[in-house]
Amino acid sequence: MKQINQSGWKPGTPAARDDAQDFPTATGNKALMLEEPLIFEIGGADTCGVDLPKLDVAAPNRLGALARKGKLGLPGLSEPETVRHYTRLSRQNYAIDVGLFPLGSCTMKHNPRLNEKVARMPGFADVHPLQPVDTVQGALGVIDELSHWLITLTNMTAVAMSPKAGAHGELCGILCIRAALEARGDAREVVLVPESAHGTNPATAAFAGYKVENIPATAEGRVDLDALTTRLGPDVAAVMITNPNTCGLFERDMKAISDAVHEAGGLVYCDGANFNAIMGRVRPGDLGVDAMHINLHKTFSTPHGGGGPGSGPVVLSAALAPFAPLPFVSRLDDGLLHLVEEETMADEHSSSFGRMTAFHGQMGMFTRALTYILSHGADGLRQASGDAVLNANYVLRQLQDVLHAPFGASGPCMHEAMFGDAGFAEGFSTLDLAKGLIDEGYHPMTVYFPLVVHGAMLIEPTETESKAGIDQFILAMRSLAERAKEGDERLKTAPHHAPRARLDEARAARKPRLTWANKEG
Ligand SMILES: *Cc1c(COP(=O)(O)O)cnc(C)c1O
């Protein structure tokens, strides 16, 4: 454990103790870092967490032949044992509330506590999706007002609020595009995806039944405009472009690309998960985009990670608005806000392609995102994106003398800084550096993505880190980069201070042991 004297602490103060190896503990615990067995190992299948009196009557059999014959096999734990188990596990987790989370493309910004307070208000938290609409006008009002601001920020015509993640939003957008093309009797088969696009883009297009074709990136990390325009033709349904792209760069040719795609009869999907870099500064509608998802759980600070709830509203151009999925919020003749659930409820939307989800989307994320937008205001949102870009450029410039920055000469980066493994000593890899970062007390950055850079490291500090916090991260990165370049063998076996050393990741992915083998059968 690091021991830090808060009063005199500066980034980089040497504080780690190196005598820990000389004092092995009997429990395996390391100070407050506790070993935690599986729940089945704490409470065996034969133990019970509560004392129940013995039955003094014959147990009635209400299930007949369906009654269970074998043991249930669940662990028996008391309440305090259960609470401690999960609390200890939670302490082994890294989270944005613990420290800087540099995971590129994920926008791990601070989740303001004001958002949480509003989301927990009973009028939002305790409503049921099947409640009569006149009892949930406030909640529907939140969806309606958030829609308004998302449309305003992007200068688009409509927004589909129900998609529950970025990738889900992509599917929504592509299904709108397919519905629009089918409506004009124009069956097209190909979706073009640049190399600099997020991996979910080709996956979405393929899932929707399209043939995916790659468009190469230029040496400076942007879409090759010539290659793209040359490939356009009557078989191309859409282009899916991530902007800012996964190299952390703004696609400057976006308007020219959109014009060319429209000219060729196709539609433009923009992956807007990186909107945090341009929010309040660039409106995708001005660049000719037809559909774009926004990750509320990235740009608008709703919590994410660990499979937590996401929300991926999709803004749509006038060409795609009629095909938006059901349901959507609309003020009807009775003066009330309604969830329009059936096509017949709204004539002008009779071309809807269908539904994405059972209800209307992630209410808890809507309240948080709207709170974030209203508490920042127009100037605050603009400053947030500016600070996010500033922080990423600070990281880029502070590290580019020790780490290879493949696009360092392509001008400023957007909200994330990209590095590669060129210059590492023979046999040292990006993985070694990432594991070393765990020893330094950080969640690793995004690694080996995108594929256009060898040994890619994508770092996104976001706007919510202080300069002192970023300086300490830079210090850790510089030290690790030097180790990788000098060939410090100990880096190859990092992490050394984590509860577990380096795992066999291939085996963990290919042959995971996901069930506990009950030894008693
Ligand atoms: C995060 C991300 C996605 C996918 O969003 P999910 O909510 O994880 O489905 C898509 N594209 C980009 C560029 C992203 O960063």
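In case you missed it, the structure is sitting above this.
Residues numbered from 1 in each chain as written. Predicted model: local features only at pLDDT ≥ 70, side-chain atom pairs only at ≥ 80, totals over all residues. Heavy atoms only, no water.

1. Notes on the overall build of the chain
Here's step 1: When helices and strands are tallied, the chain shows 13 helices and 12 strands.
Here's step 2: Over its C-alpha trace the chain gives a radius of gyration of 26 Å, about what one expects of a compact globule, namely 24 Å for 521 residues.
Here's step 3: Expressed as lengths along the three principal axes of its C-alpha atoms, the size of the chain is roughly 75 × 70 × 45 Å.
Here's step 4: A separation threshold of at least 6 residues defines the contact pool for the chain, and within that pool the share at least 24 residues apart is 71%.
Here's step 5: Entry remark: accessible area of the chain is about 26200 Å², with carbon and sulfur atoms responsible for 56%.
Here's step 6: Each charge class in the chain can be summarised by its mean position, and for the 47 positive and 61 negative side chains these summaries are 7 Å apart. (Helix = DSSP H or I, 4+ residues; strand = E, 2+ residues; numbered from the N terminus. Rg over C-alpha atoms; globule rule 2.2 N^0.38 Å. Contact = heavy atoms within 4.5 Å. Areas by Shrake-Rupley, 256 points an atom, 1.4 Å probe, with all protein chains shown as cover. Lys, Arg positive; Asp, Glu negative; His and termini not counted. Charge placed at Lys NZ, Arg CZ, Asp CG, Glu CD.)

2. Focus on empty space enclosed by the protein
Here's step 1: Evaluated as defined, the whole model comprises 3 cavities of 30 Å³ or more.
Here's step 2: The calculated volume of the largest cavity comes to roughly 70 Å³.
Here's step 3: Residues that form the lining of the largest cavity fall into these classes: 8 nonpolar, 2 polar and 1 charged. (1 Å grid on protein atoms, 1.4 Å probe; cavity = no way out; pocket = protein on both sides within 12 Å on 5 of 7 lines; lining within 4 Å. Points joined across faces, edges and corners; volume = space filled by probe spheres on them. Nonpolar A, V, L, I, M, F, W, Y, C, P; charged D, E, K, R; others polar.)

3. Comments concerning the pairing of strand β5 (residues 267–271)
Here's step 1: Extensive coverage of β5 is indicated by the burial of 5 of its 5 residues.
Here's step 2: What you see with β5 is no split at all: Leu267, Tyr269 and Asp271 on one side and Val268 and Cys270 on the other are buried throughout.
Here's step 3: Sheet analysis places strand β4 (residues 236–242) next to β5, joined by 5 bridges and oriented parallel. Within β5, the position partnered with Val239 by the bridge is Val268.
Here's step 4: Inspection of the sheet shows β5 paired to strand β6 (residues 291–293) by 3 bridges, in the parallel sense. Paired with Cys270 across the bridge in β6 is Met292. (Buried < 20%, exposed > 50% of the residue type's maximum accessible area, 1.4 Å probe, protein only. Pairing = 2+ DSSP bridges.)

4. Quick word on unusual backbone geometry
Here's step 1: The step from Asn243 to Pro244 runs through a cis peptide bond, and the omega angle for that step is -10 degrees.
Here's step 2: Assignment of secondary structure puts Pro244 in the loop between β4 and α9 (254–263).
Here's step 3: Looking along the chain, the bond that leaves Leu326 and enters Pro327 is cis, with omega of -5 degrees.
Here's step 4: Among the structural elements, Pro327 can be located in the loop between β7 (314–316) and β8 (328–331).
Here's step 5: Phi angles above zero are rare outside glycine, and Ala31 is one such case at about 50 degrees.
Here's step 6: Inspection of the secondary structure assignment puts Ala31 in the segment before α1 (39–42).
Here's step 7: According to the relative accessible area criterion, Ala31 is exposed, its value standing at 57%.
Here's step 8: Even without being a glycine, Tyr448 presents a positive backbone phi close to 55 degrees.

5. Considerations on the sheet that holds strand β2 (residues 190–194)
Here's step 1: Ordered in space as β1-β7-β6-β5-β4-β2-β3, the 7 strands form an open sheet in which the pairing is mixed. Single-partner strands in this sheet number two, and they are β1 (158–160) and β3 (211–215). When the angles between neighbouring strand axes are averaged without regard to direction, this sheet yields 25 degrees.
Here's step 2: Looking at chain direction, β6 and β7 are connected through 3 bridges and run antiparallel. In the strand pairing of β7, Met292 is matched with Val315.
Here's step 3: Of the strands in this sheet, β2, β3, β4 and β5 are in contact with helix α7 (residues 200–207), which crosses β4 at around 155 degrees.
Here's step 4: Contacting β4 and β5, α9 runs over the sheet at an angle of about 145 degrees to β5. (Axes fitted to C-alpha atoms, helices over the stretch in contact; angles between N-to-C directions.)

6. Side note on the layout of surface pockets
Here's step 1: In this structure, the second largest pocket encloses a volume near 390 Å³.
Here's step 2: Val127, His128, Pro129, His360 and Met363 are, among the 23 residues lining the second largest pocket, the residues nearest its centre.
Here's step 3: Elements with a minimum of two residues in the lining of the second largest pocket: α4 (122–125), α5 (137–154) and α10 (363–399).
Here's step 4: For the lining of the second largest pocket, a count of residues per class yields 15 nonpolar, 6 polar and 2 charged.

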